[in-house]
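Spelled out, the chains give:
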Amino acid sequence: MDFNMKKLASDAGIFFTRAVQFTEEKFGQAEKTELDAHFENLLARADSTKNWTERILRQTEVLLQPNPSARVEEFLYEKLDRKVPSRVTNGELLAQYMAEAASELGPTTPYGTTLVKVSEAEKRLGAAERDFIHAASVSFLTPLRNFLEGDWKTISKERRLLQNRRLDLDACKARLKKAKAAEAKASLWNDEVDKAEQELRVAQTEFDRQAEVTRLLLEGISSTHVNHLRCLHEFVKSQTTYYAQCYRHMLDLQKQLGSAQGAIFPGTFVGTPEPASPPLSSTSPTTAAATMPVVPAVASLAPPGEAALCLEEVAPSTSGTRKARVLYDYEAADSSELALLADELITVYSLPGMDPDWLIGERGNKKGKVPVTYLELLS
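No experiment lies behind these values; they were computed from the predicted model shown.

Strand order in the open sheet formed by five strands is β4-β3-β2-β1-β5, with antiparallel pairing between adjacent strands. In the strand order of this sheet, the two ends are held by β4 (366-371) and β5 (375-377), each with one partner. Geometrically, the sheet is characterised by an average inter-axis angle of 40° between neighbouring strands, direction not taken into account. Looking at chain direction, strand β3 (residues 358-363) and β4 are connected through six bridges and run antiparallel. Bridge pairing in β4 places Leu359 opposite Val370.

So this is what it looks like as structure tokens:
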């Protein structure tokens, strides 16, 4: 009991001394040991990393789950170490409503049939969204949270300890300064000076040791950046896959609806058929995202006479030709188009009045229309 009481008294005395030192520093009444410029830069970079990691994490959570109530619920489940219940995505819910509507309104009617087809597409979109959310959570959100809840807490703890060691050091310096001032008046203070010098040496050693530990942790922020960079690439990859899947599902749906509309309303123009979606593995995620074809909201009519274009009589435009690298394999839909192989180089040019989504491509003595979205135009 006596030992505990003495320890409590000692801790209280240390805390009081630090508080006095800190207060006097704030009022400019005490000297403060400054850290070197390199150490200060490490501290600033660590703080910046922590702040931006928090902001990126929070906004990514909003992107993946826009509903704030759902985010709070998921947060509570994680804190309670319980499995987050499976949640129906908006696309899957819409698919359910459309399927029920088709069942009630008549699945064999034109409207009911279309509802069924759109419902199936929305269901696939919802499943793709679920896969994307899971992949992004595992490969991106979890590492960011691990940094904030693990490495950063350790860094913060050691920084607080370093602050305490610095306050102890400066308090010892202040005591030694007072002891030397008293020694100048009376030789009786020699013992106080020796004691103050001994305490200063111990405080300096502890401060230097803690400064080294903290510096090593702060320099580890560079490794954190490398890890976050790798996670960021994984996030972009999963997002690219998700949008490519969405594009493929919607393109398939558009084709189904186009054929159905042509059967229901004969003679009605449906739209220019889009090229088949490129395989996900045929190029890097970055290239795929940068060259992702966009389905037009309203398909434009082909210029008069283009359908009957005689390719043998076509000559390069007066504006000149360009080289293009093929991004994906493309199978020609008819004799007016040119089949393509990924990574080959072809010559392309445009003709007056031609659909801007297409170019004339030449390879040797073969020529034909080629989709722009399958090409990388070279300067």
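Here the focus is the confidence of the model for the protein. Interpretation of this model should avoid reading the predicted coordinates in detail wherever pLDDT is low. Of all residues in the protein, 78% attain a pLDDT of 70 or more, and the chain-wide mean is 81. Per-element averaging of pLDDT across the protein places helix α8 (residues 285-290) at the bottom with 42 and helix α2 (residues 37-64) at the top with 95. Of the regions scoring below 50 in pLDDT, residues 267-277 engages in 31 contacts with residues more than four places distant in sequence or in other chains. Counting contacts from residues 279-308, a segment whose pLDDT is below 50, to residues more than four positions away or on other chains yields 44 contacts.

Note on placement: Glu129 falls in helix α5 (residues 110-183). For Glu129, a relative accessible area of 22% puts it in the partly exposed group. As a C-alpha pair, Glu129 and Gln239 span 110 residues in sequence and 9.5 Å in three-dimensional space. Leaving out residues up to four positions away in the same chain, Glu129 has contacts with Thr89 and Tyr242.

In this structure the tally under the stated criterion is seven aromatic pairs. For the ring pair Tyr242 and Tyr243, a centre distance of 5.1 Å and an interplane angle of 45° mean the geometry is tilted. For Tyr243, a relative accessible area of 45% gives the class partly exposed. An aromatic cluster of at least three residues, connected via ring pairs, comprises Phe132, Phe140, Phe235, Tyr242 and Tyr243. Its guanidinium or amino end placed over the ring of Trp358, Lys369 lies 5.4 Å from that ring's centre, counting from NZ or CZ.

One non-glycine residue, Asp343, adopts positive backbone phi at about 80°. Its location among the elements puts Asp343 in the loop between β1 (322-326) and β2 (345-349).

Let us now look at the pairing of β1. Summarising the sheet, β1 and β2 pair through four bridges and their orientation is antiparallel. Bridging from a neighbouring strand, Lys323 pairs with Thr347 of β2. Both β1 and β5 contribute to a ladder of three bridges, which runs antiparallel. Residue pairing in the sheet places Val326 in a bridge with Leu375 of β5.

Next up on the list: the pattern of salt bridges. Inspection of every chain in the model, using the stated rule, returns 14 salt bridges. A salt bridge links Lys50 to Glu54, with the shortest nitrogen-to-oxygen separation between them at 3.4 Å. One end of the pair is Lys50 and the other is Glu54, both in helix α2 and four residues apart, which spans about a single turn. Take Glu54: its relative accessible area is 28%, and that puts it in the partly exposed class.

With that out of the way, let us pick up the nonpolar core. Counting 34 residues, the largest nonpolar core has Phe39, Phe132, Phe140 and Leu218 as the members making the most contacts within it. For this core, the elements supplying multiple residues, two or more each, are α2, α5, α6 (190-219) and α7 (221-264). Ranked by the residues each element gives to this core, the list is headed by α5, at 16 residues. Those residues in contact with Phe39, other than ones at most four positions away along the chain, are Leu162, Ala211, Thr214, Arg215 and Leu218. Counting residues in hydrophobic clusters, the runner-up holds 18 residues, among them Leu327, Tyr330, Leu351 and Val370.

Here is what the cut-offs are and how they apply
Residues numbered from 1 in each chain as written. Predicted model: local features only at pLDDT ≥ 70, side-chain atom pairs only at ≥ 80, totals over all residues. Heavy atoms only, no water. Pairing = 2+ DSSP bridges. Helix = DSSP H or I, 4+ residues; strand = E, 2+ residues; numbered from the N terminus. Axes fitted to C-alpha atoms, helices over the stretch in contact; angles between N-to-C directions. pLDDT = per-residue confidence, 0-100. Contact = heavy atoms within 4.5 Å. Buried < 20%, exposed > 50% of the residue type's maximum accessible area, 1.4 Å probe, protein only. Phe/Tyr/Trp six-rings, centres within 6.5 Å; stacked < 30°, edge-to-face > 60°. Lys NZ or Arg CZ within 6 Å of the ring centre and 35° of its normal. Salt bridge = Lys/Arg side-chain N within 4 Å of Asp/Glu carboxyl O. Core = buried A, V, L, I, M, F, W, Y, C linked by side-chain atoms within 4.5 Å.

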